Amino acid sequence: MSTRTTALDSVIFGVDIQSGDIRGDAPSYAVVAFDGEHVDRDVVSYRKLRRLIDREQPDIVATDNVYELAEDTDALVRFLRDIPEVTTLVQVTGAQQPEPLSRVAKRHGVPYGKQPIKEAEAAARLAAANVGQEVTAFADRTELKVARGRSTGKGGWSQDRYTRRIHGNVRKRSREVESQLTEANLDFEQDVTEKYGGYSQAVFTVEAKPSDIPVSSSRSGDVRVEIERERRDGIEFEPLVKRRDHVIVGIDPGTTTAVALVDLDGNPLDVHSTRTADRAAITEWLIERGRPLLVAADVEPMPETVEKFRRSFDAAGWKPERDLPVDEKKHRTREASWDNDHERDALAAALFAFDAHADQFERIARKIPPQFDRGEVTATVLREEASVEAVVDRMVIDEEDDDDGVEHRARELTAEEREIHDLRDRIDRLESHVESLKETVEQKDAELRQYEEELSAARREERREARERREVTRLRRENERLEEELEAEREQTEQVETKLERLKRLWKLDHSNFASVAGEETDLVPVKPIEQFTVGDIEAADESFGLAEDDVLLLRDASGAGRSSAELLADIDPRIVLKNGTLSEQAREVLHTESVPYGPAEGVTIREIDELAVADESEVETVLDGWREDEAERQQEQTESMVEELISEHRADRQTEQS
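These figures come from a predicted structure and were not determined experimentally.

Attention now goes to the overall build of the protein. Along its length, the protein carries 16 helices and 21 strands. Put simply, the protein has 659 residues, and 37% of those count as buried. Total accessible area on the protein is roughly 39,400 Å²; 45% of this is exposed by carbon and sulfur atoms.

Right, dumping it as structure tokens:
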């Protein structure tokens, strides 16, 4: 990075030890004061250097090794505490493992010489270019304590009044400090220790540096105010600025020009747009924030303005195969922040350029030795289209030239050597391309395996859901069937309960209408009704309530019966059959043959409840007696008829014999 050409806002001191040692008695230092244009040089003692820093209060004290100013960590902490608060100590060669100053100066285009005064000047110029690490031992948090300024004493006649006055003044001053911090819009926490009459102390922890706090240390009478910046656990190094040494730049030219920066890991760093700034102002904005190694546009072909920026930084270029669609640019920049469409387009160009070179950046990073700057090597590889090994070898030779001070001129290569070199570069590029293709194939295979696993999981889930649906359907049907059965059982239960109630009412009939059922002289007989004198109705009655020997049966309709019906009824061997209607001759003959009593039902009072009925025993017996009488007469008639028939046959036989 080139140094600034305009005056700085403040002075920067570059310091390098001239002679002696900080651990010795009288070290001397080469000091260079640099304001961006003018350079003042001097050699001073350590004590004079301290006085010079206190008097001039430079913005930065820059050195290549901070332990040239302090013998150990504790001394360095004291040095940092004693220098003016506006002054920052910077180590321009890095953090815990600094690089050689010569290498850093060369990298950033700063003049360098081995003399201490030249090294001091190089340190000042590097710090002016925002190169280096700020050395700090304190956090941006300050403890402000308001406490008693004198002791309350051991006692006396006025001890209480004296103590109350001191504590009251501490409380008053604490409230004033609180009000000042609040008016300054500072974040703070307050811890108060209350004592008799007020406060013994109040501690404010303020999220700010002492210079940002509108309160200073003081001691007056009863109250003292102490300010102490919170110390960190050790010495820390922080970048002087968040350096973006090597960046990818996206540019969207036009009436409004927008630029965007992306680091080599694909992280958006900054965006900027302007309607008034010319190319020089945009170039200065970019120089202050990084070293472009790749300049990108979002359209094809690359606009001439973008090409000029690329040439001015001697950077590689990138453009898409076709103009980037708006929806793709929105999607790619969805996680970044931008204020307008121009900034979005510039950022999209930088991000798409990174995507196109991401694999190459990763391969370069793997091949770079740890002592070399990743960005520098990457920029050279992109710019020269050379192999990483060739770039590293050339940088090693350059460093050896810097270290021994002897210039080594490379001899001119022969045609054969140039061809070998070109072939090696081509092999490296092809190997990189093959490696990239292999990585792409592996990535696609991994994606394919993932999709197959997702498909298998989806199919398993679908089969499980189908099984669940079938099971739910089966259970629903089973539930409906059980509900229907339950409903049928409920209906049957209701019918039985209704019948039971009717039976109860029947048993409670009045004695005047029915035989007594409550006393001991109950004279009722159950009657089992049969709807019609058919085989089907007889079997239905038998299945419903059972037909047994000596039962009293009631034929509601006795007409139309055949021989089979009569024989089935005779097999039951009932006590008597009460009938409504006229029996057929066939049925009458079977009943007489089987000696089954029957008689008309008109003369019997029958009380019915659905298919059940009862009758008076005496009335049934009356019908049974009538059948017995009729049966006796019938048998007598049959006997007389048989006798007459025998007599007739005998007479006929005698007449035959006589003739």
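Moving on, we get to the confidence of the model for the protein. Taken as a whole, the protein shows an average pLDDT of 83; of its residues, 88% reach a score of 70 or greater. Scored below 50 in pLDDT, residues 402-412 makes five contacts in the model with residues more than four places away or belonging to other chains. Predicted confidence for residues 509-521 stays below pLDDT 50, and this span has 16 contacts to residues more than four positions away or in other chains.

Core analysis: the largest hydrophobic core is formed by 27 residues, its most contacted members being L80 and L89. At the level of secondary structure, the elements contributing two or more residues to this core comprise β1 (12-19), β2 (28-34), α1 (46-56), α2 (73-82), β6 (133-148) and β10 (223-239). Broken down by element, this core gets its largest block of residues, five residues, from α2. When near neighbours in sequence (up to four residues on either side) are disregarded, L80 contacts L89, V135, T136, A137, F138 and I235.

Moving on, we come to the pairing of strand β4 (residues 60-63). Residues I60 and A62 of β4 are buried on one face, and the alternating residues V61 and T63, pointing to the opposite face, are buried as well. Note that β1 and β4 share three bridges and pair parallel. In the sheet register, F13 faces β4, and the bridge partner there is V61. Here β4 pairs with strand β5 (residues 88-91) via four bridges, running parallel. Counterpart to T63 in the pairing with β5 is Q91. Handedness of the crossover joining β4 and β5 through α2 is recorded here as right-handed.

Among the residues of helix α7 (residues 304-313), V306, E307, F309 and F313 are the ones counted as buried. Around the axis of α7, the buried residues are gathered within 160 degrees of arc, so they sit on the same side. The elements touched by buried residues of α7 are β11 (246-252), α6 (279-289) and β14 (291-296). D314, located one to two residues past α7, shows a positive phi value of around 50 degrees.

With that settled, consider the pairing of strand β8 (residues 198-206). Most of β8 is tucked away: seven of the nine residues are buried. Bridging between β6 and β8 involves six bridges; their strand directions are antiparallel. Opposite V146, over in β8, you have A202 as the bridge partner. Pairing between strand β7 (residues 188-195) and β8: eight bridges, direction antiparallel. Among the inter-strand pairings, V192 is bridged to a residue of β8, identified as A202. The turn joining β7 and β8, which pair antiparallel and follow one another in sequence, is formed by two residues; a positive phi near 90 degrees is taken by G197.

Moving on: the packing of aromatic side chains. To describe a pair of aromatic rings, you give the distance between the ring centres and the angle between the ring planes. Following the criterion strictly, the structure yields three aromatic pairs and no others. For the ring pair Y29 and Y46, a centre distance of 6.0 Å and an interplane angle of 45 degrees mean the geometry is tilted. In this pair, Y29 is assigned in strand β2 and Y46 in helix α1, connecting sequence segments 17 residues apart. For Y29, a relative accessible area of 0% translates into the label buried.

Here we come to the environment of T378. By secondary structure assignment, the location of T378 is in helix α10 (residues 374-384). Judged by its relative accessible area of 1%, T378 is buried. Separated by 10 residues in the primary sequence, T378 and I368 have C-alpha atoms spaced 9.1 Å apart. Sequence-distant contacts of T378, defined by excluding residues within four places in its chain, comprise L264, L293, F361, I364 and I368.

Further remarks concern the environment of P529. Take P529: it is sitting in strand β16 (residues 524-532). Each C-alpha atom of the pair P529 and V614 lies 10.0 Å from the other, and the pair is 85 residues apart in sequence.

Attention now goes to a positive patch on the surface. Side chains of R459, R460, R463, R467, R469 and R470 sit close together on the surface and give a patch of like positive charge. By the element assignment, R459 lies in helix α12 (residues 415-507).

Glancing now at the pattern of salt bridges. Under the counting rule described, the total for this entry stands at 37 salt bridges. As a salt-bridge pair, E461 and R464 come within 2.2 Å of each other at their nearest N and O atoms. In this pair, E461 and R464 both sit in helix α12, three residues apart, roughly one turn of the helix. Here E531 makes a salt bridge to R556, at a shortest N to O gap of 3.1 Å. Residue E531 is located in strand β16, and its partner R556 is located in strand β17 (residues 552-557); the two are separated by 25 residues in the primary sequence. Judged by relative accessible area, which is 24%, R556 ranks as partly exposed. Connected through shared salt-bridge partners, D298, K329, D341, R344 and D345 make up one network.

Running from N to C, α6 and α7 point in directions that differ by 50 degrees, and their axes come no closer than 12 Å. Here α7 runs oblique to α6, going by the angle between their axes. When the axes of α6 and α7 are compared, the crossing they make is right-handed. In this structure, α6 uses R279, I282, T283, L286 and I287 to contact α7, whose residues at the interface are K308, F309, S312 and F313. Of the residues assigned to the contact of α6 with α7, the class counts are five nonpolar, two polar and two charged.

This brings us to the side chain of Q133. As for its position among the elements, Q133 is in strand β6. At 3.5 Å, the side chain of Q133 forms a polar contact with the backbone nitrogen of E238.

A word on the sheet that holds β14. One open sheet accounts for five strands, arranged β13-β12-β11-β14-β15; its pairing is mixed. With one partner strand each, in any of the chains shown, β13 (268-274) and β15 (316-318) form the two edges of the open sheet. Sheet twist, expressed as the average angle between the axes of neighbouring strands with direction ignored, equals 25 degrees. Relative to β13, strand β12 (residues 257-262) runs antiparallel, the two being bridged by six bridges. Among the inter-strand pairings, L261 is bridged to a residue of β13, identified as D270. Against the sheet, helix α9 (residues 341-367) engages β11, β12, β13, β14 and β15, with an angle of about 140 degrees to β11.

Conventions adopted
- Residues numbered from 1 in each chain as written.
- Predicted model: local features only at pLDDT ≥ 70, side-chain atom pairs only at ≥ 80, totals over all residues.
- Heavy atoms only, no water.
- Helix = DSSP H or I, 4+ residues; strand = E, 2+ residues; numbered from the N terminus.
- Buried < 20%, exposed > 50% of the residue type's maximum accessible area, 1.4 Å probe, protein only.
- Areas by Shrake-Rupley, 256 points an atom, 1.4 Å probe, with all protein chains shown as cover.
- pLDDT = per-residue confidence, 0-100.
- Contact = heavy atoms within 4.5 Å.
- Core = buried A, V, L, I, M, F, W, Y, C linked by side-chain atoms within 4.5 Å.
- Pairing = 2+ DSSP bridges.
- Right-handed = clockwise from strand over helix to strand, strands pointing away.
- Arc of directions from axis to C-beta.
- Phe/Tyr/Trp six-rings, centres within 6.5 Å; stacked < 30°, edge-to-face > 60°.
- Patch = residues over 30% accessible without salt bridge, like charges linked within 9 Å, V, L, I, M, F, W, Y side chains within 5 Å.
- Salt bridge = Lys/Arg side-chain N within 4 Å of Asp/Glu carboxyl O.
- Lys, Arg positive; Asp, Glu negative; His and termini not counted.
- Charge placed at Lys NZ, Arg CZ, Asp CG, Glu CD.
- Axes fitted to C-alpha atoms, helices over the stretch in contact; angles between N-to-C directions.
- Parallel < 35°, antiparallel > 145°, perpendicular 65-115°, else oblique.
- Left-handed = near helix turned anticlockwise from the far one by under 90°.
- Nonpolar A, V, L, I, M, F, W, Y, C, P; charged D, E, K, R; others polar.
- Polar contact = N/O pair within 3.5 Å; in protein donor to acceptor, adjacent residues only side chain to side chain.

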